[in-house]
Amino acid sequence: MLPAETRKLAAIMFTDMVGFSRQMGADETRMLRLLDLHNQIIEQAVATHRGTVIKTVGDAFLVDFPSVVHAVQCAQQVHTQFRAYNAEKAKDEQIHVRIGIHSGDIVQRNGDVFGDGVNIASRLQALAEPDTVCISDMVYRDVVKKVALGTVVSLGRPKLKNIAERFQVYALLPETPTGWRQTLRLQRRKLSRRVGSAHRVVAAGLVLIAATVVAVRYLSLPPLSTQDSALRTAAAPAALPLPDKPSIVVLPFDNMSSDPQQDYFSNGITDVLTSDLSRISSLFVIARNTAFTYKGKAANIQEVGKELGVRYALECSVQRTSEQVRIVAQLIDTTTGGHLWSERFDRPFTDIFALQDEIVRKIVTTLGLQLTLEEHGVIVRKHTDNLGAYDSFLRGVEYFYRVTQEANAQARQLFEKALALDPQYAEAYARLGWTYYVEWAWRWSADPQTLERELALAHQAVVLDDSLPAAHSLLSWVYGQKQQADQAITEGERAIALDPNNGDFYAGQAEVLSTAGRPEEALRMVAQAMRLNPRYPAWYLIESGWAYRLTGQYAEAIATMKELISRNPNFMTAHLELTSSYLWQWVSQQSPAAQTLEPAVAAGQRALAFNDSFHWNHLYQQQYDQALAEMERSVALAPTEAGSYAALAVVLSCMGRSDEALEAAARALRLKPLIVDGHLADVGIAYVVAGRYEEARPPLQRHLSRYPNFLPGHLMLAVAYSELGQAAEARAEAAEVLRLNPHFLLEVHRQRMPYKDPAMLERHLAALRKAGLK
């Protein structure tokens, strides 16, 4: 007899018989017979592997094992026996089981059982596909070298219902996979390896869901300045207006030593001074990578002022010996070309930090800037007391901005050396974290712990110096990739507050805001980023084009992507975004009257295998099999992302495969989307096409509350209301369609709706006529 309460660490297995409750209503006698057989096989396997059945609820088993090895081996035996049984049976006599396994605390009390171990095992079981086992990262690490696991597929870090912690989850496929879901997961593994080795220009692998299109979105590169032409736009505008406050560009320091190897030092000092000035909110500071486009050039200062829209320029030269450093600096008024001050600083190298502070103070005093208390602290803040650590840090920065795999590895070694010399060097921790981000973004490493290393290093930097903008920016990017939008936005806001002149921070925040379903704010952020960094890198245009598309401004999105492609023809993600924008411009009847799908098709073909929106081109051309094949490829690239399943549901529903469409839609609703509510339009459309009008309303309403300018959503909601007899609501949605496109015509819409069944299309059009559209 157990005491009233027993607490222990346990290996927990949770099993569930697929479809039991649903089929009980259809054939109770048959299901009870199959349940007896199901229970017999599971109980036999549990006994063989020294398990204890804690509890059964109908067809579900909750089992405790002495180790996770026993639990996994038991699950494998269960599936092996059911596969052997099913091979000889008709479909309605087969038994399929889902299993989840976790190791955690459980509490047994008065014959019942509670605890995280139970809850997580239950959620993992719900995540599993029929005939598979889902295990937590804790279980996987314990058994991977002890048990032959068969085929293992990573499901990422899904959000489990009512479980706060996010952790890696793996699916075990003990035999050659069958069925589209299992096959897609294997395709994803193969595709991710191919992406990493063959396409370094595109960091593919994430899927962006915007309204009802699925596209592999550019996994935005980290906010770097770089000399790589593939990441930089060609030129700044001819002239820019002056800001409403003092404005300055720190031009690259000239290396006056006889050793070109000292360039790292002159470049590093430029970077440090730019960063220090950038943190002063009463000053407008041009970004480093725009300033560095003038390196090595005999620039006309007055022309520089006009091109960048700044009133002042700081020109400097630096000469360093082993013990001394000389800096000649001059602050110039770009409107007149006159010098506000010019000075030569000769100091022992040991005084380099004081010298940097002195130059910043002189600029502040000359321009009469008002500093906040925190900004006063920035000026007197020491980076490190260790000159060797500082030297290694500057050398690391030089390599970091080259953005190659080899240079990134060298930068990492130098930042690690800096930390070995000064373990309290916060900036070195932040920069070291960025090397891991670059490695992860470019897919130079397959290590699944890379993001976690970034996160740990960013946290360490913040612990040492909470006022370090680069650390908060890194946290924002990492949280964004982990789909923790609230934390990402908070950290991005903190980074901008600490460094209000860093264009990369604004562009990074734009991506987070678009992902969070706030594209209008994202457009404002990108505009500010481009003003601060007039010769901005290409990824700014990706953020701008994406936000334009999410707000339904397809013409602007197309123009932005064309600009990017004209400068970087091999930028694959631009072709993806261009395809999507052309497509929805066409569907919304906002394209020129004579335009066909050909521009979208051409852009999709240029994007090759990575264009997960290309399935829509096939669908709209009534090439249904090709559309389905493309969509399956999309799901393979993002098997745990809600949007890919939502779009699959639309394709299946348009093909008349309603049951499969509804299953995919239900799957989408159980998963977390990459973009907040981005998948709900597809889910709603799939329900409408399947004739499930009542179920279509909530997802469509919620999507449109966040993305009110998505015309196809209003169309489908008008159909749903019309079919439900809610005439006033249907007319209101029709009015929204006409608000977005006053020239909307049903006859054109007929030609652009991808129904395979003509009768379905006629019913769709009749519902829209009832709503008042013509």
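Position numbers for residues start from 1 in each chain and track the written sequence from start to end. With pLDDT at 70 or above as the cut-off, local features in this predicted model cover only qualifying residues; side-chain atom pairs require 80 or more to be listed or tallied, and sums for whole chains, interfaces and linings still use all residues. Where side-chain values are given, they derive from all heavy atoms of the structure, hydrogens and water being excluded.

A. A look at the pattern of salt bridges. Salt bridges are defined as contacts in which a side-chain nitrogen from Lys or Arg sits within 4 Å of a carboxyl oxygen from Asp or Glu. One pass over the full model with this rule turns up 30 salt bridges. Close ionic contact of Asp346 with Arg326 constitutes a salt bridge, the shortest N to O distance being 2.6 Å. Of this pair, Asp346 sits in strand β16 (residues 339-348) while Arg326 sits in strand β15 (residues 324-333); the two residues are 20 residues apart in sequence, bridging distant segments of the chain. The exposure class of Asp346 is partly exposed, given its relative accessible area of 34%. To qualify as a helix, a DSSP run of H or I must reach at least 4 residues; to qualify as a strand, a run of E must reach at least 2; elements of each kind are numbered from the N terminus. Whether a residue is buried, partly exposed or exposed follows from its accessible area with a 1.4 Å probe, protein chains only, as a fraction of its type maximum: under 20%, in between, or over 50%, in that order.

B. View of unusual backbone geometry. Even without being a glycine, Arg50 presents a positive backbone phi close to 65°. Within the secondary structure, Arg50 is located in the loop between α2 (28-48) and β2 (52-57). Classification of Arg50 by relative accessible area gives exposed; the value is 57%. Positive phi values are uncommon outside glycine, yet Val403 reaches one of about 55°. Topologically, Val403 is positioned in the loop between α12 (387-400) and α13 (405-421).

C. Representation of the nonpolar core within the structure. As used here, the term nonpolar core means buried Ala, Val, Leu, Ile, Met, Phe, Trp, Tyr and Cys residues forming a set that is joined through side-chain atoms within 4.5 Å. In terms of nonpolar packing, the biggest core is built from 115 residues, with Val249, Phe265, Leu314, Ile327 and Ile352 touching the most fellow members. Residues are treated as being in contact if the distance between any of their heavy atoms lies within 4.5 Å. Residues in contact with Ile327, not counting those within four places in the same chain, are Phe253, Ile269, Cys316, Ser317, Val318, Glu343, Arg344, Phe345, Leu355 and Ile359. Ranked by size, the runner-up nonpolar core spans 64 residues in total, among them Ala661, Val688, Met716 and Tyr721.

D. Summary view of the packing of α12 against α13. The contact between α12 and α13 brings their axes to 8 Å, and the two run at 165°. Judged by the angle between their axes, α12 and α13 are roughly antiparallel. Once α12 is placed against α13, the crossing between them reads as left-handed. Contacts between α12 and α13 pair Gly388, Ala389, Ser392, Phe393, Arg395, Gly396, Val397, Tyr399 and Phe400 from the former with Ala407, Asn408, Gln410, Ala411, Leu414, Phe415, Lys417, Ala418 and Leu421 from the latter. Class assignment for the residues of the contact of α12 with α13 results in 11 nonpolar, five polar and two charged. Note on definitions: angles span 0 to 180 degrees between N-to-C directions of axes, and those axes are lines fitted to C-alpha atoms, for helices only across the stretch in contact. For classification purposes, an angle smaller than 35 degrees is called roughly parallel, one larger than 145 roughly antiparallel, one from 65 to 115 roughly perpendicular, and anything else oblique. Handedness of each helix crossing follows the sense of rotation of the near helix against the far helix: counterclockwise by less than a right angle gives left-handed, clockwise gives right-handed. When residues are sorted by character, Ala, Val, Leu, Ile, Met, Phe, Trp, Tyr, Cys and Pro go into the nonpolar class, Asp, Glu, Lys and Arg into the charged class, and all the rest, Gly among them, into the polar class.

E. Representation of the side chain of Asp333 within the structure. Structurally, the position occupied by Asp333 is in strand β15. We classify Asp333 as buried; its relative accessible area is 8%. N or O atoms closer than or at 3.5 Å make up a polar contact, with two conditions inside protein: a donor-capable atom paired with an acceptor-capable one, and, for residues adjacent in sequence, both atoms drawn from side chains. In this structure the side chain of Asp333 is engaged in a polar contact, spanning 2.5 Å, whose partner is the side chain of Thr335. Apart from residues lying up to four places away in sequence, Asp333 is in contact with Arg311, Tyr312, Gly338 and Leu340.

F. Layout of the packing of aromatic side chains. In summary, the pairing rule links any two rings of Phe, Tyr or Trp, Trp by its six-membered ring, whose centres are within 6.5 Å, and it sorts them by plane angle into stacked for under 30 degrees, edge-to-face for over 60 and tilted for everything else. Inspection of every chain in the model, using the stated rule, returns 13 aromatic pairs. Ring geometry for Tyr264 against Phe265: centres 6.4 Å apart, planes inclined by 75°, an arrangement best described as edge-to-face. Here the two residues Tyr264 and Phe265 agree in accessibility, since each one is buried. Ring geometry for Phe265 against Phe349: centres 5.8 Å apart, planes inclined by 55°, an arrangement best described as tilted. One end of the pair, Phe265, is in helix α7 (residues 263-278); the other, Phe349, is in the loop between β16 and α10 (352-367), with 84 residues separating them in the sequence. Taking the relative accessible area as the measure of exposure, Phe265 reaches 2% and is therefore buried. Three or more aromatic residues joined by ring pairs make a cluster, and in this case those are Trp434, Tyr437, Trp440, Trp477, Tyr536, Trp539 and Tyr540. Here, a charge over a ring is recorded when the distance from Lys NZ or Arg CZ to the ring centre is within 6 Å and its angle to the ring normal is within 35 degrees. Of note, Arg412 hangs over the ring of Tyr436, and the distance from its end group to the ring centre comes to 3.7 Å. Between the NZ or CZ atom of Arg667 and the centre of the ring of Tyr645, over which it lies, the distance is 5.3 Å.

G. The pairing of strand β8 (residues 169-173), seen in detail. For β8, the buried fraction is high: five of the five residues fall into the buried class. Going residue by residue along β8, you find Val169, Ala171 and Leu173 tucked away on one face and Tyr170 and Leu172 tucked away on the opposite face as well. Two strands make a pair as long as DSSP finds a minimum of two bridges between them. In this structure, strand β7 (residues 151-154) lies alongside β8, joined through four bridges in antiparallel fashion. Following the sheet pairing, Val152 is matched in β8 by Leu172.

H. Seen up close, the pairing of strand β3 (residues 60-65). With six of its six residues buried, β3 lies for the most part within the structure. Residues Ala60, Leu62 and Asp64 line one face of β3 and the alternating positions Phe61, Val63 and Phe65 line the opposite face, and both faces are buried. Sheet analysis places β2 next to β3, joined by five bridges and oriented antiparallel. Across the sheet, the residue bridging to Thr56 is Phe61, located in β3. Taking the residues between adjacent antiparallel strands as the criterion, β2 and β3 are bridged by two residues, where Gly58 takes a positive phi near 65°.

I. Seen up close, the confidence of the model for the protein chain. The share of residues in the protein chain with pLDDT of 70 or more is 81%, and the mean pLDDT across the chain is 80. The least confident element of the protein chain, judged by mean pLDDT, is strand β9 (residues 206-210) at 28; the most confident is strand β13 (residues 284-285) at 95. A residue's pLDDT is simply how confident the predictor is in it, with values from 0 to 100. Low pLDDT, under 50, characterises residues 176-234; the stretch is placed with 206 contacts to residues that sit more than four places away or in other chains. Scored below 50 in pLDDT, residues 604-622 makes 74 contacts in the model with residues more than four places away or belonging to other chains.

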